Amino acid sequence: MAKIRISLALSLATLASGFFLAACENPNPSSSTGNSTTSPTATTTTSDTKGLKIGSLLPTTGDLASIGQQMVGSVPLLVDTVNACGGVNGEKVSLVQVDDQTDPKAGAAGMTKLATLDKVGGVVGSFASSVSTAAVSVAVPNKVMLISPGSTSPVFTDKAKKGDFKGFWARTAPPDTYQALALAQLARKKGFKRVSTVVINNDYGVGFEKAFVETFEKLGGTVINKDKPIRYDPKAQTFDTEATAAFAGKPDAVLGVLYAETGSLFLKAAYQQGVTKGVQILLTDGVKSPTFPDQVGKASDGKYILSGAIGTVPGSSGPGLENFNKLWKEKKGGSPGEYAPQSWDAAALLVLAAQAAKENTGVAIAGKIREVSAGKGTPVSDVCEGLKLLKAGKQINYQGASGDVDVDANGDVIGTYDVWTVGDDGKIKVIDKVSPK
């Protein structure tokens, strides 16, 4: 029955806003932030609607599920922490969680529900740039502040400069103009002169590709398939043609800007064709999850196909990282995964901005994001300390778990990048850091 009620509510919200007709949403239950249900597709909120209400729009299914599942725990953990130290504007914070399924249609439908039915003031999401593109088109006219912990396409910077988002967009992960620069520098440092690219055909893949080509060429490298870029359909299930094309011309390395599910199929197809031998595989944040080497599989000698691959991912080195890791271990066990610190920081900025504004609306939150993240106030890395100072009428400069999160006028932050590799045992380990210059 929970599934039926949720699907009906989502359909009504979607129809009312002129968006998609299907109930595409597949939300996740919250932990202790509301009335839980046993259904894995049920949305949960608290019954308290007087205080700040926020949402999350992250992928627990679909092409980015392996990373999304590492992210979703951060937002309810932040909400629980904030509520334990007094909440925001005198009331507890409520949370509504939605699975965007790594699908723009589901993301737009979920965002419509959050904005029109749940009436949230802010949302943490999404991860996939294509989903955030769909979601922000709903958030802006509904005046909901959207903060992405992982959508890195440079397209958002361009649109923000044009005023398309009206201040209702920010992100806690740096745009791919920086990551592309970092990866291009890494490739040249390792002596690669001739590189080809293969990317998922969406905002993330194409935006990264363009930034990488421009930067790599400026550094003296050659992208051998520049005039015939290989961009695969996000819905594709076979990749023989793309694999042949990507490795043609004897490149020193092949850069894959991929998502985990489809990317594993591409790399497996390339290995089975025998074209990967002697070619360095370069990867990005879209596939960095502990399960990805297993998704790609093993060679006939028992070694992992991805053994020796290297990649980059936005790093986490903020003043609040140590305390975040301790809290995660205490409450959840183990260590947080990729983009969990960025998700925590996105949620933290929403609650801190609401407290700074002394209002719980999206308009009020949007108006205070830069002040609490990059202003001249007291530096704080503890969200409860930040709330305490704000309640006392003080200004703060939140220093997050992922980084300083100094949000600029375009909603962007600058970060450093971890360099990671895959060992013969299939384990991913960070081996270096690189800062784009």
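What you see is a predicted model; the values in this text were computed from it and never measured.

Peer 1: Any chance you could break down the pairing of strand 4 (residues 145–148) for me, citing the residues and the numbers?
Peer 2: Neither face of strand 4 is left uncovered, since the one carrying M145 and I147 and the one carrying L146 and S148 both have all their residues buried. In the sheet, strand 3 (residues 122–125) pairs with strand 4 via three bridges, with the strands oriented parallel. Considered in strand 4, the bridge of G122 is made with M145. Handedness of the strand 3-helix 5 (residues 129–139)-strand 4 crossover: right-handed.

Peer 1: Summarise the environment of A211; cite the residues concerned and give the values.
Peer 2: Inspection of the secondary structure assignment puts A211 in helix 8 (residues 203–218). With residues near it in sequence (within four places) discarded, A211 still touches D176, T177 and A180.

Peer 1: Tell me about the sheet that holds strand 1 (residues 53–58), and please be specific about residues and values.
Peer 2: Sheet architecture is open: five strands sit in the order 2-1-3-4-5, paired in parallel fashion. Lying at the two open borders of the sheet, with one neighbouring strand each, are strand 2 (94–99) and strand 5 (169–171). Direction aside, the axes of adjacent strands within the sheet are offset by 20° on average. Judged from the four bridges that link them, strand 1 and strand 3 form a sheet pairing that is parallel. Looking at strand 3, one finds that L57 is bridged to G125. The strands that helix 5 touches are strand 1, strand 3, strand 4 and strand 5; relative to strand 4, the one it contacts most, it runs at about 165°. Against the sheet, helix 13 (residues 340–357) touches strand 1, strand 3 and strand 4, its axis set at about 170° to strand 3.

Peer 1: Talk me through the packing of helix 4 (residues 104–117) against helix 5; I want residue IDs and the actual numbers.
Peer 2: One way to put it is that helix 4 packs onto helix 5 with a least axis distance of 8 Å and a crossing angle of 30°. Classified by the angle between their axes, helix 4 and helix 5 sit roughly parallel to one another. The handedness of the crossing between helix 4 and helix 5 comes out as right-handed. Touching P104, G107, A108, M111 and T112 of helix 4 are S130, V131, A134, A135, V138 and A139, all from helix 5. Here the residues of the contact of helix 4 with helix 5 sort into eight nonpolar, three polar and no charged.

Peer 1: Outline helix 3 (residues 74–84), supporting the account with residue identities and numerical values.
Peer 2: A large share of helix 3 lies buried, amounting to nine of its 11 residues. Burial in helix 3 covers these residues: S74, V75, P76, L77, L78, V79, T81, V82 and N83. Phi turns positive one or two residues past the end of helix 3, at G86, with a value near 110°.

Peer 1: Any chance you could break down the state of the cysteines for me, citing the residues and the numbers?
Peer 2: The bond known as a disulfide is covalent and runs between the sulfur atoms of two cysteines. One pass over the full model with this rule turns up one disulfide. Disulfide partner of C85: C384, at an S-S distance of 2.2 Å. The chirality of the disulfide connecting C85 with C384 is left-handed, given an S-S dihedral of about -85°. Of this pair, C85 sits in the loop between helix 3 and strand 2 while C384 sits in helix 15 (residues 383–391); the two residues are 299 residues apart in sequence, bridging distant segments of the chain. Judged by relative accessible area, C384 falls into the partly exposed class, the value being 22%.

Rules used in this analysis
Residues numbered from 1 in each chain as written. Predicted model: local features only at pLDDT ≥ 70, side-chain atom pairs only at ≥ 80, totals over all residues. Heavy atoms only, no water. Buried < 20%, exposed > 50% of the residue type's maximum accessible area, 1.4 Å probe, protein only. Helix = DSSP H or I, 4+ residues; strand = E, 2+ residues; numbered from the N terminus. Pairing = 2+ DSSP bridges. Right-handed = clockwise from strand over helix to strand, strands pointing away. Contact = heavy atoms within 4.5 Å. Axes fitted to C-alpha atoms, helices over the stretch in contact; angles between N-to-C directions. Parallel < 35°, antiparallel > 145°, perpendicular 65-115°, else oblique. Left-handed = near helix turned anticlockwise from the far one by under 90°. Nonpolar A, V, L, I, M, F, W, Y, C, P; charged D, E, K, R; others polar. Disulfide = S-S within 2.5 Å.

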